[in-house]
Amino acid sequence: SECTKRDLIEHFKIDEKKVKVVYLGADERYKPAPKEAVDTVRRKFHITDPYLLSVGSVPRKNIDGIIRGFAGCRHNKDHQLVLNCKIDVERYAKLSEELGVKERVIFIKNVSDEELVALYSGCRCFVFPSLYEGFGLPIIEAMNCGVPVITSDISSCPEVAGDAALLVDPQKTEEISNAMDQICSDARLARSLIEKGFERAKLFGWDKFARQMKAVYALA
């Protein structure tokens, strides 16, 4: 991403002319899953209500902020929060309990690629207010699966999401809560983000990546 390019130049003092940005693409399997596949993963992971989804375990994924945002949103009584997370789960579970949403938060792990596609496809929105991303591939994966996206207004996230997502300050819990509430209560907004997301995701593909990488190699 251009963000990573700037970081490389700043921290490693690399000549800007030596750095070329070539965007990644999402695998073709990331597309809206059939209802049967969504129903199967919902049963497997005991998801009984409309749900918000996030993926990632490392601290920069801002799991604390996601849980706090969910606890602060008006729709946490009729929605669940599903976290594909396998690090520090006990700590996050304790935080959920302290915030009064323990029964509304589901932690899952060891999810197959097919299950992840179905989880993306079935969620009310994908929540990804990361503190730092070199690119942020899950943003594109979720858009390709036809769901609204909430992501950060910092790092590479705005560069990837463009105007096809709700951008929030990941350090401000109330902004995460408000974005969740907007998507959960405004069907027109959700549809608009889905449509924009499909178009945005078309800008990132492996064929384009391959052509641009070939051009880079030709410079060597």
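Anything mentioned here points back to the structure above.
So, here's what we can say about the structure.

Analysis parameters
- The residue numbering used here restarts from 1 in each chain and proceeds along that chain's sequence as written.
- Local features in this predicted model are restricted to residues of pLDDT 70 or higher, and side-chain atom pairs are both shown and tallied only at a pLDDT of 80 or more, whereas totals for entire chains, interfaces and linings draw on every residue.
- The basis for every side-chain value is the complete set of non-hydrogen atoms in the structure, without hydrogens or water.
- Numbered from the N terminus, helices here are DSSP runs of H or I no shorter than four residues, and strands are runs of E no shorter than two.
- Radius of gyration here uses only the C-alpha atoms, and the compact-globule reference equals 2.2 Å multiplied by the residue count raised to the power 0.38.
- Here the term buried applies to any residue with accessible area under 20% of the maximum for its type, exposed to any over 50%, and partly exposed to those in between, with areas from a 1.4 Å probe on protein chains only.
- Residue contacts follow a heavy-atom distance rule, with two residues in contact if any of their heavy atoms lie within 4.5 Å.
- Working definition of accessibility: Shrake-Rupley area with a 1.4 Å probe, residue cover restricted to the visible protein chains.
- For two strands to count as paired, DSSP must find a minimum of two bridges between them.
- Geometry is summarised by axes, namely lines fitted to C-alpha atoms with helices restricted to the contacting stretch, and by angles between N-to-C directions that run from 0 to 180 degrees.
- For this count, His and the chain ends are skipped, Lys and Arg are scored as positive, and Asp and Glu as negative.
- Any carboxyl oxygen of Asp or Glu that lies within 4 Å of a side-chain nitrogen of Lys or Arg is treated as forming a salt bridge with it.
- With its strands directed away from the observer, a crossover is right-handed exactly when the path from the first strand over the helix to the second travels clockwise.
- Here is the rule for angles: anything less than 35 degrees is roughly parallel, anything more than 145 is roughly antiparallel, 65 through 115 is roughly perpendicular, and the remaining ranges are oblique.
- Gly is placed with the polar residues, together with every amino acid not listed as nonpolar (Ala, Val, Leu, Ile, Met, Phe, Trp, Tyr, Cys and Pro) or charged (Asp, Glu, Lys and Arg).
- Any helix carries an expected span of 1.5 Å times its number of residues minus one.
- Left-handed describes a crossing whose near helix is turned anticlockwise from the far helix by less than a right angle; the clockwise case is right-handed.

1. Describing the overall build of the protein chain
Moving on, step 1. From N to C terminus, the protein chain includes ten helices and six strands.
Moving on, step 2. Against the globule reference of 17 Å for 220 residues, the protein chain gives a C-alpha radius of gyration of 18 Å, in line with a compact fold.
Moving on, step 3. If one aligns the C-alpha atoms of the protein chain with their principal axes, the spans along those axes are about 55 × 35 × 35 Å.
Moving on, step 4. Relative to its 220 residues, the protein chain shows a buried fraction of 48%.
Moving on, step 5. Taking the intrachain contacts of the protein chain between residues at least 6 apart in sequence as the baseline, contacts between residues at least 24 apart amount to 69%.
Moving on, step 6. Carbon and sulfur atoms make up 51% of the accessible area of the protein chain, which amounts to about 11500 Å² in all.

2. Here's the deal with the sheet that holds strand 6 (residues 166–168)
Sheets are built from strands paired through backbone hydrogen bonds, the pairs being either parallel or antiparallel.
Moving on, step 1. The strand order across the open sheet built from six strands is 3-2-1-4-5-6, with neighbouring strands paired in parallel fashion. Strand pairing shows two members of the sheet lacking a second neighbour, strand 3 (105–108) and strand 6, which therefore form its edges. Taking the axes of each pair of neighbouring strands and ignoring which way they run, one obtains an average angle of 25° across the sheet.
Moving on, step 2. Where strand 4 (residues 125–128) lies against strand 5 (residues 149–152), three bridges are found, and the strand directions are parallel. Bridge pairing links phenylalanine 128 to threonine 151 in strand 5.
Moving on, step 3. Sheet contacts for helix 3 (residues 63–72): strand 1 (51–55), strand 2 (80–84), strand 3 and strand 4; angle to strand 2, the most-contacted strand, approximately 170°.

3. So, the side chain of arginine 42
Moving on, step 1. Residue placement: arginine 42 occurs in helix 2 (residues 35–44).
Moving on, step 2. Lacking a salt bridge, the buried arginine 42 has aspartate 39 as its closest oppositely charged neighbour, with an N-O distance of 5.1 Å.
Moving on, step 3. When sequence neighbours within four positions are dropped, the list of residues in contact with arginine 42 reads Ile47, Thr48, Asp49, Pro50 and Tyr51.

4. Some thoughts on the pairing of strand 2
Moving on, step 1. Burial analysis of strand 2 places five of its five residues in the buried class, which makes it a mostly covered element.
Moving on, step 2. The alternating pattern of strand 2 places Gln80, Val82 and Asn84 and Leu81 and Leu83 on opposite faces, both of which are buried.
Moving on, step 3. In terms of strand pairing, strand 1 meets strand 2 through five bridges, oriented parallel. Its bridge partner being in strand 2, serine 54 is matched across the sheet by leucine 83.
Moving on, step 4. The handedness of the strand 1 to strand 2 crossover, carried by helix 3, is right-handed.
Moving on, step 5. Sheet topology note: the strand 2/strand 3 ladder contains four bridges and is parallel. Its bridge partner lying in strand 3, asparagine 84 is registered against isoleucine 108.
Moving on, step 6. The handedness of the strand 2 to strand 3 crossover, carried by helix 4 (residues 89–98), is right-handed.

5. Thoughts on the packing of helix 8 (residues 173–185) against helix 9 (residues 187–201)
Moving on, step 1. Relative orientation of the contacting elements helix 8 and helix 9 amounts to 100°, with a least axis distance of 5 Å. Comparing the axis directions of helix 8 and helix 9 gives the class roughly perpendicular. Listed contacts from helix 9 to Gln182, Ile183 and Ser185 of helix 8 are Ala187, Leu189, Ala190 and Leu193.
Moving on, step 2. Here the residues of the contact of helix 8 with helix 9 are counted per class, giving five nonpolar, two polar and no charged.

6. Remarks on the environment of lysine 35
Moving on, step 1. Looking at the element boundaries, lysine 35 is found in helix 2.
Moving on, step 2. Once the C-alpha coordinates of lysine 35 and tyrosine 217 are considered, the two residues, 182 residues apart in sequence, prove to be 43 Å apart.

7. Considering helix 8
Moving on, step 1. End to end, helix 8 covers 18 Å across 13 residues, agreeing with the expected 18 Å (1.5 Å per residue, within 8%).
Moving on, step 2. Restricting attention to buried positions, one finds in helix 8 the residues Ile176, Ser177, Ala179, Met180, Asp181, Ile183 and Cys184.
Moving on, step 3. Considering only its buried residues, helix 8 is in contact with strand 1, helix 3, strand 4, strand 5, strand 6 and helix 9.

8. Things to note about the packing of helix 3 against helix 4
Moving on, step 1. Closest axis-to-axis distance for the helix 3/helix 4 pair is 10 Å, and the angle between their directions is 20°. Between helix 3 and helix 4, the angle falls in the class roughly parallel. The two elements helix 3 and helix 4 cross, and the hand of that crossing is right-handed. Side by side, helix 3 and helix 4 meet where Ile63, Asp64, Ile67 and Arg68 of the first sit next to Arg91, Tyr92, Leu95 and Ser96 of the second.
Moving on, step 2. Across the contact of helix 3 with helix 4, the residue classes break down as four nonpolar, one polar and three charged.

Purely spatial values, then, with no claim about function.
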